[in-house]
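Here's the letter readout for the chains.
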Amino acid sequence: APVASSLCVRYTHRAVVITGGLLASSGMALGFLGINMVWMYATTGFLQGLGISFSWTPAISIVSHYFSKKRALANAIASAGECVFAFTFGPFFQWLISQYGWRGALLIIGGIQLNICVCGVLMRPLASSCLLEASCSETETPPVNSSSRINKEDKSSIMHKTFNWMLVRRMEFVLYAIFGILAAMSFFVPPLFLVPLSYSLGINESWTASLLSILAVVDFAGRLLCGWYANLHITKTVHLLTMTITLISTSLMLLPLANNYLSLAIFTGFYGFFFGTTVAVHITVLADVVGMTDFDSALGLFMLIRSTGGFVGPPLASLIVDMAGDYRAGFYMAGATLVLSAVFLVTLDQLQQRKERGRQTNTKPEKSTLPYSSIHFLKLQ
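Cut-offs and rules
- Residues numbered from 1 in each chain as written.
- Predicted model: local features only at pLDDT ≥ 70, side-chain atom pairs only at ≥ 80, totals over all residues.
- Heavy atoms only, no water.
- UniProt positions renumbered as here; feature names shortened; annotations may be inferred.
- Axes fitted to C-alpha atoms, helices over the stretch in contact; angles between N-to-C directions.
- Helix = DSSP H or I, 4+ residues; strand = E, 2+ residues; numbered from the N terminus.
- Parallel < 35°, antiparallel > 145°, perpendicular 65-115°, else oblique.
- Left-handed = near helix turned anticlockwise from the far one by under 90°.
- Contact = heavy atoms within 4.5 Å.
- Nonpolar A, V, L, I, M, F, W, Y, C, P; charged D, E, K, R; others polar.
- Core = buried A, V, L, I, M, F, W, Y, C linked by side-chain atoms within 4.5 Å.
- Buried < 20%, exposed > 50% of the residue type's maximum accessible area, 1.4 Å probe, protein only.
- Domains from an automatic or database assignment.

- An unreviewed UniProt entry lists the chain under the name MOT2 protein, with Geococcyx californianus given as the organism.
- Turning to the chain, the UniProt annotation filed under Subcellular location (unreviewed entry) states: "Membrane".
- Under the UniProt heading Sequence similarities (unreviewed entry), the entry covering the chain gives this text: "Belongs to the ATG22 family."

### Concerning the packing of helix α1 (residues 2-10) against helix α3 (residues 37-66)
And then number 1: At their nearest, the axes of α1 and α3 sit 8 Å apart, and the two run at 55 degrees to each other. The orientation of α1 relative to α3 falls into the category oblique. Both α1 and α3 take part in a crossing whose hand is right-handed. Mapping the contact onto sequence places V3, A4, S5, L7 and C8 in α1 and S53, F54, T57 and P58 in α3.
And then number 2: Its residues assigned to classes, the contact of α1 with α3 shows six nonpolar, three polar and no charged.

### Regarding the nonpolar core
And then number 1: Counting 61 residues, the largest nonpolar core has F173, Y176, L241, I245, I248, L264 and L286 as its most contacted members.
And then number 2: If you list the elements that add at least two residues to this core, you get α4 (71-79), α9 (171-187), α10 (189-200), α11 (205-231), α12 (237-254), α13 (261-290), α14 (295-324) and α15 (328-380).
And then number 3: No other element matches α13, which puts 14 residues into this core.
And then number 4: Both of domain 1 (1-125) and domain 2 (165-356) provide at least three residues apiece to this core.
And then number 5: The residues touching Y176, leaving out its near neighbours within four places in the chain, are L241, H282, V285, L286, F302, L345 and L348.
And then number 6: Judged by nonpolar contacts, the second largest core, of six residues, contains M28, M40, L106 and I109.

Put into structure tokens, the structure is as follows:
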């Protein structure tokens, strides 16, 4: 992800997405040969994973650059494609394997992934969004001569051609990155243990498969509804994210109480809905935390740091499940980790509010000096 973000800063989102589509498609197509496990790791693992990162990171980033006022809704709609994929392509992949074998399925999927290149071609490059936002304040003042204006824009564009690694020294970003690690530790656990838990309750295999469909449908609805609500600007985005994280943790804590298909489906629906709301708004919160000037760099670093949570979470939950001898323990672990992640969001919000109050107090004396000095001048007269 940091490599993809740095390439976006250096070149264009369009070029990186097209490159990612070619890498992902090549990885799946070369996996068709299936020479040995090392070959599979290198092709369907590393090469395709690199291509997906090159495709996903710029695609998420450019949406935030395209939209300002409706950024939350735009991110929600863009991310909803994942839910459509989970609902439709899972059965489609199974059908491909049954018809053409795993080799033929890999080759066909590689061809499908070439459509990523088509999507990349449609991503029209824009000027740096930070320049666009800065120009809004400049238009309110009388324009200076055109040559100095051009020089300023040239200097700004050069400045933003480098990847900002110094974000790791900003406390707001560090707090949000820690939240991302803890959240990622939890997000991969429920899909991992949902099916085994249903089997342990004696639920039929066909009914168990429908749980994943329910998860995808309510996830889709949650993303769109949360994006629409966030676009109303009624609630601060970091507050909205804190609420959704709290509701997800509550759903995960209650899910193990299910003892039949109906109760399990209800709790799964609650979890999927609130998970969708979280996915819809967490990228918008990142943009609010760091600003659009450093958003590309922040997204790459955030994805890199957050991935450590996704790497550690499932094995840790599996260890806890083995020790407890019950799949419910994995859900309790995920819920507790999300509660801890919400603490860092609250800390982040408090830090932002304190800095905002500090800026307001610093500007008050400047405003009050004028009337005071004028009164003093009148007394002297």
